[in-house]
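One letter stands for each residue in the lines below.
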Amino acid sequence: MRTCPSCGEENSDPARFCQACATSLAPAEPSTEVRKVVTIVFADVTGSTALGERLDPETLRRVMGRYFDEMEAVIKRHGGVVEKFIGDAVMAVFGIPRLHEDDPVRAVRAAAEMQEVLSTLNLELHAAHDVEIQVRIGVNSGEVVAGDPATGQRLVTGDAVNVAARLEQAGAPGTVLLGETTYRLVKDAVEVEPVEPLSLKGKSGPVPAFRLVSIRHDATGHERHLDAPLVGREKELARLWQALDHATSERTSHLFTLLGPAGVGKSRLVNEFLRRIGGSATVLGGRCLSYGDGITYFPLSEAVQQAAGTDEVDDRAAVVRKLRVLLDGAEGADRIARLMGGLLGWSEPGEADEAFWAVRKVFEHLAVERPVVLVFDDMHWAEPTFLDLVENLSDWTRDAALMIVCVARPELLELRSGWSGGKMNATSVLLEPLSSEEASSLIDHLLGRAAFPEAARSRILDAAEGNPLFVEEMLAMLIDERLLRLEDGVWHGVDDLAHLAVPPTIQLLLAARLDRLEADERAVIERAAIEGSVFHIGAVTTLAPDALRPRVRSQLLTLARKELIRPDRGEFAGEDAFRFRHLLIRDAAYQAMPKEQRAELHERSASWLGSIAGERLPEYEEILAHHLEQAYRYRRDLGSDDEHTRGLAEEAGARLLASAERARRRGDFSAARALLERCVDVAQGSRLAAALTSLAATLSELTDFPGCVEVAERAIEAASASGDRHLALRARMLGSEARGQIDPSHALAHSQRDIEDSLEELDVLGDTEGVIAGRLAAARMAFYGGDCRRTLELEEELLAHPEALSDNDRLEAATQILVAAYFGSSPLSELRRLGQLARTAMADGPFSEIRWLHHAALLLSMEGRADETMAQLEHIDRLWRAVGDASYGVARYQGFGEAARRLGRSDLAEQYFRQGVKEFDELGETGFNSYLLGLWALALCDLGRFDEAESATARARELAAEDDFASQGAWRLGAALVASARGKHERATSLVDDALGGWCESDRLTAWRGGG
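Chains are numbered independently. Their residues run from 1 in the order of the written sequence. Only residues with pLDDT of 70 or above have their local features reported here, since the model is predicted, and side-chain atom pairs are shown and tallied only from 80 upward, although totals for entire chains, interfaces and linings are computed over all residues. Processing note: side-chain calculations cover all non-hydrogen atoms of the structure and skip hydrogens and water entirely.

Peer 1: With reference to specific residues and values, describe the overall build of the chain.
Peer 2: The secondary structure content of the chain amounts to 43 helices and 21 strands. Its C-alpha atoms put the chain at 110 × 75 × 65 Å along the principal axes. Residue exposure (1.4 Å probe, protein chains only): buried if accessible area is under 20% of the type maximum, exposed if over 50%, otherwise partly exposed. Scored against the burial criterion, the 1012 residues of the chain give a buried share of 55%. Contact criterion: two residues are considered in contact whenever any of their non-hydrogen atoms come within 4.5 Å of each other. Restricting to contacts in the chain with at least 6 residues of sequence separation, those with at least 24 account for 68%. For the chain, the accessible surface area stands at approximately 43,500 Å², while carbon and sulfur atoms represent 48% of it. Averaging the positions of the 114 positive and the 163 negative side-chain charges in the chain gives two centres separated by 2 Å. We count a stretch as a helix when DSSP gives it H or I for four or more residues in a row; a strand needs E for two or more, and each element gets its number in order from the N terminus. The protein chains shown are the only cover counted for residues, whose accessible areas, like all others here, come from Shrake-Rupley with a 1.4 Å probe. Neither His nor the chain termini are counted; the positive set is Lys and Arg, and the negative set is Asp and Glu. Every charge is mapped onto a representative atom, which is NZ of Lys, CZ of Arg, CG of Asp or CD of Glu.

This is how it looks when you write it as structure tokens:
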């Protein structure tokens, strides 16, 4: 027996496909694996056993053969392929070998027509044999793993196939069930009824499904909402008006072609133009279809029927009669009507030249009294003959104000490279994406009042890159998935929306566009995608097959003409570069490649970058690490664990660690964290221990103390396993200090002892870097213990040898000097000297400036200079928000609050302290928060809010470590004020005495300076 990888059913050994869900039981070879988003139609005959009992074997064979032939013909007519026949089931795939953006609509139309054709077949079967065939159909869209079409393989496997089969099994005879993704992609073309969500084997939760009621054959699956506000298109509107004015004033034809990629807003712009025209012109139009029978003149037929006032119930003869009425008064009206009817299939056809003459005469007649604006949409799907007709209409129309607006994607120029070229009365406009500001304005217009995170707005703007459709689709996806909810008339984001998936509508649109490229163009754009959104010709040439390399530049220029890429500035001397027109185009090209190919190309890309970067390699080491890391990950995913794969992991780890250390040295701890987490995933041995130790230090800088403790424990384990005592000691210091911040039972003395013992051993081992880290930690411990003088001594000793310190070490030492000087017993004159010493030691940069300005603001508050202090605090806050200094972000609330309270602004101080408590709670930090809770209680007492103050002191007491004199003193002072306010003066006096007892043993005096 063989277990199906998709549904878990057991199948007999010889079976090639799972009998339950049709998934292939033969694993796809990695070298030919291609991932594509397709739509699967799964149809199965119900009651076939009974059918066999009613018919003899030969008749049954003929009947079923006829049935399969009819079903396959329908599938092919709509552009699908029959993947396989399994017993009485037919499995068809739309999107193999070539994707179409309307594959889901094609598939659903095919499913509906299969039922219609079956009804006709059943009439024959019932008359001849008194039997009929009943079929149930499931349609589902999603990503599958497919054989590479270049090798002639089409076999598809994956969860999407499994769900399609399960949908079919869940349906009643004669019904079509649609999966949720399919419904989203076709919802504007169908009428459905939701069915009870299905419990499918292999699925953790119920699967939504929809029963198809009807489908419109003249609608796209996903209609643009043309009532959305028009943003940033005034120049293009002006050009449309100019063209209409020219056609009207000169009584001539004018061909206006509006080009642009899907979703850029072409139809919306034209719709706004037509709205503004109002009744001053006759507006007619039609849309070219992507596939089907008799589609050549479909847009013309739509336009003429609009003019003639026909409706759906009119037969051919009625349409021709109405056309004749429309032409009343025109010279040769009968002949024109006959030729036009022949061209559009309403009567016997005539000669093409004569028919084209008739088309001109129709519109010349319509334009006698007022201008005619004729709009043809989706001209990139036009048949060549229809393009000939439009050009003929434009070139030869006489004495008639006719404006022909052709709306198309740039692919039109691939069909007709000379389109509108050389014509006197012709205009072509390429519609560019919106600017970031315009796209942001579109979001505001679409949502009205919206309260969702700025990170989400940025993510949408980055992904959409000025394409209005992409903005609309991403917002619609958020609403559909309940990530944006309308509450009391205001949209709210319910979660962090910084990481958004690409809506399937956009994913399919872009993938289909790439599928239409020639083989060489595909090869070039896929290799460009390996480098990133910006890529160099040299890199693409290096990655291209040998035979293609001489043509890489010309292929790139072709792709630029197709509006897929555009020239950009190169990073290296002598290297030309391009940029993808849209990041999602890059993503679609990248995802189209098999994993094995990606692994190989990433490795080769790393080699190219290493060779061309030369002495500038440190600037690009993070990018080089990315390529090595991706090469390793793909090889690992494909089951490779050979020496070469392990070597890639080793080199990627080394590059990631080096990049992370550079980020740490410049104070970019968020970037360092991301790099180190990736490094941990690929590194082994001592490098893993080093990455974990560095990650623990980074998490401490980011005030993620729970994370620091966890990672430090892993670092100690990894260092011990690799025999690296240095790293084990460093990790021990980091973990012990962080534990003191989150575990009240871990006393300050424990951390001090761990740090002192580790520092002593590191000194013996001659680990200079470890000793510096240990002395910085010891200085912090001295401060926490109330010995500000000792902290200053240790930090000044370190700064006496600045050449041994990294920028970040100097920043840490200088910051500790500022903190110890502020809290300690130094007079203001000494504070200024120490402040200048610290500022001199710091490297230039925004992080240093923020800490120095913070210190200066506190000095201003001590001098009672209220206006200057508040202005300085506001300035610091703006700077912090601009640079995102995470290691300072939460801690700033203490200094801000103390300064405000010192100046008599307890209302403002209370807000600062409260926000700091909230954010430290979110971080899981208790050591610092216990002190901040005490300060908050003091501010609340100033405001007479004693009940709240009592709650704050209770929490502070619970969180404070026994030997944390600052926190113990702070909560006692707050509790004393509460007790005094309630007339419990003896209790208040006792609490104050206890608080003073701890503080008098230290030289931390800021409690008095703050009014405590």
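Peer 1: Hey, could you go over a negative patch on the surface for me, with residue numbers and the actual values?
Peer 2: Taken together, the side chains of Glu756, Asp757, Glu760 and Asp763 define an acidic patch exposed on the protein surface. On the basis of relative accessible area, Glu760 is assigned to the exposed category, the value being 57%. Residues forming no salt bridge and having over 30% relative accessible area are the ones grouped into patches, like charges within 9 Å of each other and nonpolar side chains (Val, Leu, Ile, Met, Phe, Trp, Tyr) within 5 Å. When a carboxyl oxygen of Asp or Glu lies within 4 Å of a side-chain nitrogen of Lys or Arg, that pair is called a salt bridge.

Peer 1: Describe the nonpolar core, listing the residues and the values that go with them.
Peer 2: Within the largest apolar cluster, 68 residues are counted, with the highest numbers of intra-cluster contacts made by Leu873, Ile876, Phe913 and Trp936. Among the elements that line this core, the one with the most residues is helix 39 (residues 927-942), at 10 residues. Buried Ala, Val, Leu, Ile, Met, Phe, Trp, Tyr and Cys residues that are joined via side-chain atoms within 4.5 Å together make up what is termed a nonpolar core. Judged by nonpolar contacts, the second largest core, of 64 residues, contains Ile86, Val139, Val144 and Leu508.

Peer 1: Go over the sheet that holds strand 21 (residues 577-580), please, and point to the residues and values.
Peer 2: For two strands to count as paired, DSSP must find a minimum of two bridges between them. Spatially, the three strands line up as an open sheet ordered 19-21-20, and their pairing is antiparallel. A single partner strand is all that each edge strand has here, and the edge strands are strand 19 (534-536) and strand 20 (565-568). The sheet shows a mean angle of 35 degrees between the axes of neighbouring strands, direction not considered. Where strand 20 and strand 21 come together, four bridges link them in antiparallel fashion. Counted as the bridge partner of Asp568 is Ala577 from strand 21. Between N-to-C directions, angles span 0 to 180 degrees; the directions come from axes that are lines fitted to C-alpha atoms, helices contributing only their stretch in contact.

Peer 1: Describe helix 7 (residues 266-277), naming the residues involved and giving the relevant values.
Peer 2: In this analysis, the expected span of each helix is defined as 1.5 Å times one less than the number of residues it contains. Along its 12 residues, helix 7 runs 17 Å from first to last C-alpha, staying within 8% of the 16 Å computed at 1.5 Å per residue. On its buried face, helix 7 sits against helix 6 (234-250), strand 11 (253-259), strand 12 (282-287), strand 13 (372-377) and strand 14 (402-408).

Peer 1: Report on helix 20 (residues 552-561), specifying residues and quantitative values.
Peer 2: Within helix 20, the full set of buried residues consists of Val552, Gln555, Leu556, Thr558, Leu559 and Ala560. Packing partners of the buried residues in helix 20 comprise helix 18 (519-531), strand 19, helix 19 (537-543), strand 20 and strand 21. Of the residues one or two after helix 20, Glu563 is the one with positive phi, at around 65 degrees.

By themselves, these observations are geometric and do not establish any function.
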